[in-house]
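For reference, the chains in residue letters:
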Amino acid sequence: MPRIKAPVVQPPSLRRGDAVAITAPSSALRDDDSLKRGITVLESWGLKVQPHQLDARHWGYLSGTDQQRRADLDQRPTPPLLACARGGWGAARLLEQSWSWSAGWLLGFSDITALLCSRLAQGVGGGVHGPLVTTLADEPDWSQQRLQELLFDRMAPDLNGETWVGGKAQGPLLTANLTVASHLLGSSHLPDMRGMILVIEDVGEAPYRLDRMLTHWRLAGSLQGLAGLGLGRFSGCEDSNLSASAEETFSLEQVLKERTVDLGIPVISGLPVGHGPGGNAALPVGVPACLDANRGILSLDLPDQR
């Protein structure tokens, strides 16, 4: 399994007038209005969004054939920012063929986790786990401002969470959707996470499925070597089996705690990262980070490389 060298080199900060290519590596677009509103936000930052016809492109439930979707990401010259339109499913299909990633910013989350992880496994910086174009306009002001400052000024305020296991850890950061990253285990597209700080989030997964995935990570030894662990938002992940008694099920918190607090590493929960209301704090992958679980804080070390 590839081992990244931290810190990975990040691309230059964005500047007003830089080009943005909207890409659709996953599911077909459904809501053209949300895409347009997200583009409006990017343009308000002074970025020039390239023309596209992604909202009219479909191949079954995917936003185009594998070749079309891969071409979105493999543009030459590579624009300063590739902003992913939506998640869903399909990005991992693009990794079946060998691929050398080009430098530049890649923005997205959810299914885009597959691409963020693959880039990092190759030692390519510039991946940002953050809002999709179709979710950007609905992000609260603080989240939009955080993303803008991260891309333009290399600034990102600390994130606060709840301490589950105290301690302090430092290492390169990887933020991922748990389900998507779980399906990369055993492949060359998930970097060796020894010494890393991992932040995970998910949506719509019942506690027993989260239990199953986290157990898979434990059996693979992928959690035991982490420097620290952060838990983002697990939206819609409570047990929906109303007929089950309290003795017949586990709550979301019970599962997450039982599968993580015995790892011997600092753990914090409740980070404002991932699906659901409240804001999806943008986090660059591969950058040096500090998880101070004694204070419940995740901070980034973002040297100016403009």
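Numbers given for residues are sequential positions, taken from 1 along each chain in its written order. Local features are withheld for residues below a pLDDT of 70 in this predicted model, meaning they are given only at 70 or higher, and side-chain atom pairs are given and counted only at 80 or more; totals for whole chains, interfaces and linings count all residues. No hydrogens and no water enter the side-chain calculation; it runs on all heavy atoms of the structure.

Caption draft 1: The arrangement of helix 8 (residues 252–260) in detail. Buried within helix 8 we find Leu-252, Val-255, Leu-256, Arg-259 and Thr-260. When helix 8 is viewed along its axis, its buried side chains cluster within an angular range of 105 degrees and face the same direction. In this analysis, two residues are considered to be in contact whenever any of their non-hydrogen atoms come within 4.5 Å of each other. Comment: elements are numbered from the N terminus, with helices defined as DSSP H or I runs of at least four residues and strands as E runs of at least two. Against the buried residues of helix 8 lie strand 7 (162–165), helix 7 (207–219), strand 10 (228–235) and strand 11 (267–269). Here the term buried applies to any residue with accessible area under 20% of the maximum for its type, exposed to any over 50%, and partly exposed to those in between, with areas from a 1.4 Å probe on protein chains only. For this quantity, the arc is that covered by the directions from the helix axis to the C-beta atoms.

Caption draft 2: Quick peek at the sheet that holds strand 3 (residues 81–84). Strands are labelled as partners when DSSP assigns at least two bridges between them. With respect to topology, 6 strands assemble into an open sheet ordered 2-1-3-4-5-12, the strand pairing being mixed. The strands lining the two open edges of the sheet, one partner per strand, are strand 2 (48–49) and strand 12 (283–284). In this structure, strand 3 lies alongside strand 4 (residues 105–108), joined through 3 bridges in parallel fashion. The residue of strand 4 that forms the bridge with Leu-81 is Trp-105. Against the sheet, helix 1 (residues 32–44) engages strand 1 (19–23), strand 2 and strand 3, with an angle of about 160 degrees to strand 1. Each of strand 4 and strand 5 (127–129) touches helix 3 (residues 113–121); the most contacted strand, strand 5, lies at about 145 degrees to it. An axis is simply a line fitted to the C-alpha atoms; with a helix, the fit covers only the stretch in contact. Between two such axes, the angle follows the N-to-C directions and lies from 0 to 180 degrees.

Caption draft 3: Focus on unusual backbone geometry. For the bond from Arg-76 to Pro-77, the omega torsion is -5 degrees, close enough to zero to count as cis. Turning to its location among the elements, Pro-77 is positioned in the loop between helix 2 (66–73) and strand 3. Even without being glycine, Ser-110 reaches a positive phi, approximately 65 degrees. Following the sequence through the fold, Ser-110 ends up in the loop between strand 4 and helix 3. Look at Ser-110 and you get buried, because its relative accessible area is 13%. Despite not being glycine, Arg-154 has its phi angle at roughly 55 degrees, a positive value. Topologically, Arg-154 is positioned in the loop between helix 5 (141–153) and strand 6 (159–160). For Arg-154, a relative accessible area of 8% puts it in the buried group.

Caption draft 4: Representation of the packing of aromatic side chains in the model. In this scheme Phe, Tyr and Trp rings, the latter by its six-membered ring, pair at centre separations within 6.5 Å, and the angle between planes marks the pair as stacked below 30 degrees, edge-to-face above 60, and tilted otherwise. One pass over the structure, following the stated rule, counts 1 aromatic pair. Judged by centre distance (4.3 Å) and plane angle (15 degrees), the ring pair of Trp-99 and Trp-101 falls under stacked. Here Trp-99 falls in the buried class, since its relative accessible area comes to 9%. Using a relative accessible area of 9% as the deciding quantity, one classes Trp-101 as buried. If you follow Arg-70 out to its NZ or CZ, it ends over the ring of Trp-99, 4.3 Å from the centre. By the criterion adopted, a ring carries a charge over it if an Arg CZ or a Lys NZ lies within 6 Å of its centre and within 35 degrees of its normal.

Caption draft 5: Geometry of helix 1. To estimate how far a helix should reach, multiply one less than its number of residues by 1.5 Å. The terminal C-alpha atoms of helix 1, which comprises 13 residues, lie 19 Å apart, in line with the 18 Å expected from a rise of 1.5 Å per residue. For helix 1, the full list of buried residues reads Ser-34, Leu-35, Gly-38, Ile-39, Val-41 and Leu-42. Down the axis of helix 1, the buried set is contained in an arc of 155 degrees. They therefore lie on one face. Facing away from the buried side of helix 1, by more than 90 degrees, are the exposed residues Lys-36 and Ser-44. Where helix 1 is buried, its residues touch strand 1, strand 2, strand 3, helix 4 (133–136) and helix 5. Directly beyond the C-terminal end of helix 1, a positive phi value near 90 degrees is found at Gly-46.

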